Amino acid sequence: MSQPTQPTQPTQRHRADICDSDLLLLQNKAWAQAMVGRDARYFARLSDTQSPKFLWIGCADSRVAADTITGTQPGQLFVHRNIANVVVHTDLNLLSVLAYAVEVLEVEHVIVCGHHGCGGVKAAMTQRDYGLLNKWLLNIKEVYAHHIEELEAVPAGKPREDRLCELNAVSQLQNLAKTLIIQKAWNERGGPFLHAWVYDLGDGVLHQLDSLGPDHQVASPFRLDMPEEG
Ligand SMILES: [Zn+2]
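If you're wondering where the values come from, they're calculated on a predicted model, not measured in any experiment.

## Notes on the overall build of the chain
Here is step 1: When helices and strands are counted, the chain shows 9 helices and 5 strands.
Here is step 2: Going from the N terminus to the C terminus, the chain shows its helices and strands as α-α-β-α-β-α-β-α-α-α-α-α-β-β.
Here is step 3: Summarising its shape, the C-alpha atoms of the chain cover approximately 60 × 50 × 50 Å along the three principal directions.
Here is step 4: A total of 230 residues make up the chain; the buried ones form 25% of that total.
Here is step 5: Contacts in the chain between residues far apart in sequence, at least 24 positions, make up 67% of those at least 6 positions apart.

Have a look at this one:
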């Protein structure tokens, strides 16, 4: 084991960061008190159980706060977020969230929400080396390559970037339908419904792009055998 290093004096920047995080703790106290002021049993009820109807798969972008933009409260959304709301079939984190939401919580809807002005999508449209991030951006570059003719017909810059944000959300929706988790749930309980949405940072409005239900015909290479009934 290495020797502990001498504690360093906090710099001006560190002190500012500590104050910023203290502010969050203070705001949390004020929020908790306000909630109890409105409903004394609010946290007692909320801590008993959760039965959200929705799984939200969104971008990690700080401007796309799932509960704020949908007007939902704690307990209503089960949430997974990553850079550019990507559904990767080897992502154990996403698959665990999906399995728990679909198989245990039995959510009725899974929403993949992209957003215009997505930094991850913009990065994927460049040739720049982003180091570790390159591997993640490859998932979006694949969508770009798949739709390159359509995208090159759209004016370069924001219109083309925003169109790729939309195509990416729809493509990730298709990826959800390729999972055993979703195909099994469709077979066993006729749900959940899957939705691809895009959020417009410019006006705060969500738009539906596509949706899939249990009657969706998954393309044959991705269709998985279901166990025989009882
Ligand atoms: Zn984003």
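Next comes the rest of the write-up.
## As for unusual backbone geometry
Here is step 1: A cis geometry characterises the amide bond from Gly-191 onward to Pro-192, with omega recorded as 5°.
Here is step 2: Take Pro-192: it is sitting in the loop between α9 (180-189) and β4 (193-200).
Here is step 3: For Asn-85, which is not glycine, the phi dihedral falls at a positive 40°.
Here is step 4: With respect to the secondary-structure elements, Asn-85 resides in the loop between β2 (77-82) and α4 (92-104).
Here is step 5: The class for Asn-85 is buried, based on 31 C-beta atoms found within 10 Å.
Here is step 6: Unusually for a residue other than glycine, Glu-106 sits at a positive phi of about 55°.
Here is step 7: If you trace the backbone, Glu-106 turns up in the loop between α4 and β3 (109-115).

## Quick look at the environment of Asp-203
Here is step 1: Relative to the elements of secondary structure, Asp-203 occurs in the loop between β4 and β5 (205-212).
Here is step 2: Separated by 145 residues in the primary sequence, Asp-203 and Gly-58 have C-alpha atoms spaced 18 Å apart.

## Here's the deal with the packing of α4 against α9
Here is step 1: One way to put it is that α4 packs onto α9 with a least axis distance of 10 Å and a crossing angle of 5°. Here α4 is positioned roughly parallel relative to α9, judged by the angle of their axes. The segment α4 lies against α9, with Leu-98, Ala-99, Val-102 and Glu-103 engaging Ile-181, Ile-182 and Ala-185.

## Description of the environment of Gly-213
Here is step 1: Take Gly-213: it is sitting in the segment after β5.
Here is step 2: Between the C-alpha atom of Gly-213 and that of Phe-193, which follows or precedes it by 20 residues, the distance is 4.7 Å.

Cut-offs applied
Residues numbered from 1 in each chain as written. Predicted model: local features only at pLDDT ≥ 70, side-chain atom pairs only at ≥ 80, totals over all residues. Helix = DSSP H or I, 4+ residues; strand = E, 2+ residues; numbered from the N terminus. Buried ≥ 20, exposed ≤ 12 C-beta atoms within 10 Å, placed from the backbone. Contact = placed C-beta atoms within 7 Å. Axes fitted to C-alpha atoms, helices over the stretch in contact; angles between N-to-C directions. Parallel < 35°, antiparallel > 145°, perpendicular 65-115°, else oblique.

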